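Below are the chains, spelled out letter by letter.
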Amino acid sequence: MDRNCKSKNAIVFGATGQDGSYLIDLLLAKNYKVVGVVRRSSTDNRQRLSHINNLSFKIVEGDITDYSSIISILSAHAQDDTEIYNLAAQSHVAVSFKQPGLTWDVTAKGCLNLLQAIIDLGLHKKNVRFYQASSSEMFGKNYDTINGEKVQNENTKFMPQSPYAIAKCAAHEAVRLYREAYGVHASAGILFNHESERRGENFVTRKITKWIGEFTTWLYERNLDPKHISNSCKNSDLIYVSGSQYSFPKLRLGNLEAFRDWGCSGDYVEAMWLMLQQESPDDYVICTGKTHTIRQFLDAAFKLVGIKEWDHLVVIDPEFYRPAEVEYLRGDYSKAKEKLGWSPKTSFEELVNFMISHDVKHFPDNVNRYE
Ligand code: NAP
Ligand code: G4F
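Bear in mind that the values here come from a model prediction, so they are computed numbers and not experimental data. Here the residue numbering is sequential within each chain, running from 1 through the sequence in written order. For this description, chains carry letters from A and ligands carry numbers from 1, given in the order in which they are written. Local features in this predicted model are restricted to residues whose pLDDT is 70 or higher, and side-chain atom pairs enter the listing and the counts only when it is 80 or higher, whereas totals over whole chains, interfaces and linings include all residues. Neither water nor hydrogens contribute to the side-chain values; these are computed over all heavy atoms in the structure.

Q: Kindly report on the site of ligand 2, identifying the contributing residues and their values.
A: As a structural note, the neighbourhood of ligand 2 is formed by 25 residues, with Ser135, Ser136, Tyr164, Arg322 and Glu325 the closest of them. Within the side chain of Tyr164, an N or O atom sits 2.8 Å from an oxygen atom of ligand 2. Protein chains shield 95% of the accessible area of ligand 2, which is 710 Å² for the free molecule. Counting only elements with at least two residues in the shell around ligand 2, the list comes to helix H6 (204-221) and strand E12 (251-253). Residues belonging to the shell around ligand 2 are distributed by class as follows: ten nonpolar, eight polar and seven charged. Any residue with a heavy atom positioned within 4 Å of a molecule or strand is treated as near that molecule or strand. Any N or O atom pair separated by 3.5 Å or less is treated as a polar contact, with the protein-specific requirement of one donor-capable and one acceptor-capable atom, and with residues adjacent in sequence counted only for side-chain atom pairs. Note on areas: these come from Shrake-Rupley sampling with a 1.4 Å probe, and a residue is covered only by the protein chains present in the view. Each helix is a run of DSSP H or I of at least 4 residues and each strand a run of E of at least 2, with the numbering of both proceeding from the N terminus. Think of it as three bins: nonpolar holds Ala, Val, Leu, Ile, Met, Phe, Trp, Tyr, Cys and Pro, charged holds Asp, Glu, Lys and Arg, and polar takes everything else, Gly as well.

Take a look at the structure:
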């Protein structure tokens, strides 16, 4: 029977994350039966799934560092043609410098556990397909110069700059090896940074939009305008309001000069799905082809709430600098466009607008958000 005519099913590891939740929304909209794997937690880690009310969606508990739990889940839920998406990771680069061993166990070995379980259960002979969430962090310090432009694509060599990136490189190589050695239908998406209103609050974009949301609410509740902010607060950790006792903690950030190619999570999960619909497995760069600094993200985000000068609202804190930095990321998605028919839909400006619109509840009166 044609693969497209069968009822489809998928297992998503990393279901509670930003991408996991968007991917599950997409798969359910395509009438998949979806199993989401969630690790046990003493607090609620299912908030990004709380909007789903669909009998085709089932949550099971498991942890990708525990091979036996993977075997149980795949034995119970993987059938002929099942699509397995591995989005599970310790995904924070700065955290990976502080917890390199854990990052390795989850981000590298977890992927190997999944691939080996596919072999041990013979699922590769049942046309089970596997997606691995690889990362542009793997390029690290490296880029190619093509037609005078600095970019990274599928041929760019990896020069990882963090324990996280090293773990992602190992997982990426495991995908290639299991594809070549055992014929597993395993594909890796080398995804550049992608964001949304579901982005974790300690990644830089969301940290900025959340802070702006809290700051504008604080101003609104006190009937203040950003122009009331005292200039005398330049050397302080707090923002003061002229002629009043009010103060608010400044936004604390690290390196503002790094370049990132920022896209939108909702667009990128579509690319993951497209990779698993291809006859042959392969690796693809997914990105927007545009790059901006964190400083430019700040400019765009503050402008949306009517603040043109923001230097006095931000503290540069050495705590948020990393032992090694990835200074420049800008992808080239030509292969994905040609082979998958995929292109990004959301521009940088739309992404910032979309995140600010979600996090800011009270726009200052003088702001025209749509100008
Ligand atoms: P995320 O929000 O941090 O989600 C990571 C997911 O992994 C969460 O569901 C987390 O569960 C789960 N997880 C962590 N440790 C686990 C374990 N031991 N067993 C099972 N699950 C575990 O990340 P994301 O932004 O959605 O990214 C998804 C994937 O793409 C990650 O692999 C990330 O490294 C990769 N990636 C992301 C980007 C990006 O810009 N977003 C770019 C390139 C690649 P909890 O919710 O319980 O923590
Ligand atoms: O938002 P970030 O933490 O994302 P980063 O390190 O680029 O990693 C993200 O994208 C990768 C794909 O390229 C994924 F694989 C990875 O899982 C994750 O999703 O930091 C972006 C930039 C960095 O240059 C960082 O040094 O922002 C800089 N930055 C400056 N101040 C900060 C801060 N980053 C964070 N998280 N917090 C800050 O206060």
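Q: Give me helix H5 (residues 163-182): which residues, what numbers.
A: The terminal C-alpha atoms of H5 lie 28 Å apart, and with 20 residues this matches the ideal 28 Å at 1.5 Å per residue to within 8%. The rule is simple: take the accessible area with a 1.4 Å probe, protein chains only, and divide by the maximum for that residue type; under 20% is buried, over 50% is exposed, in between is partly exposed. Those residues of H5 lying buried are Tyr164, Ala165, Ala167, Lys168, Cys169, Ala171, His172, Ala174, Val175, Tyr178 and Arg179. For this analysis, residues touch if any pair of their heavy atoms sits within 4.5 Å. For H5, the secondary structure elements touched by its buried residues are helix H3 (93-98), helix H4 (100-120), strand E5 (129-135), strand E8 (185-191) and strand E15 (283-286). In the stretch just after H5, Gly183 is the one whose phi turns positive, near 75°. Multiplying 1.5 Å by the residue count of a helix minus one yields the expected span of that helix.

Q: Provide a residue-level description of the site of ligand 1, including the pertinent values.
A: Around ligand 1 lies a shell of 24 residues, among which Thr16, Arg39, Asp63, Ser91 and Tyr164 are the nearest. Separating an oxygen atom of ligand 1 from a side-chain N or O atom of Arg39 is a distance of 2.8 Å. In the complex, 90% of the free accessible area of ligand 1, which totals 900 Å², lies under the protein chains. Where the shell around ligand 1 is concerned, the elements lending two or more residues are helix H1 (18-29), E5 and H5. With three residues, E5 is the single largest residue contributor to the shell around ligand 1. Among the residues forming the shell around ligand 1, the class breakdown is nine nonpolar, ten polar and five charged.

Q: Which residues make up the packing of aromatic side chains, and what values do they have?
A: Centres within 6.5 Å are what make two rings of Phe, Tyr or Trp a pair, Trp counting through its six-membered ring; a difference in plane orientation under 30 degrees is then read as stacked, over 60 as edge-to-face, and the rest as tilted. For the structure shown, the criterion picks out 19 aromatic pairs. Between Trp211 and Phe215, the aromatic rings sit 4.9 Å apart at their centres with planes inclined by 20°, giving stacked as the arrangement. Of this pair, Trp211 and Phe215 both sit in helix H6, four residues apart, roughly one helical turn. Judged on exposure class, the residue Trp211 and its partner Phe215 are both buried. Owing to a relative accessible area of 1%, Phe215 belongs among the buried residues under this scheme. An aromatic cluster is present here, built from Trp211, Phe215, Trp218, Tyr246, Phe248, Phe302 and Trp310 joined pairwise through their rings. For Lys150, the ring lying beneath its charged end belongs to Tyr328, and the centroid distance is 4.5 Å. One cation-aromatic arrangement involves Lys335 over Tyr284; the distance from NZ or CZ to the ring centre is 5.0 Å. Should the NZ of a Lys or the CZ of an Arg lie within 6 Å of a ring centre and within 35 degrees of the ring normal, that charge is described as sitting over the ring.

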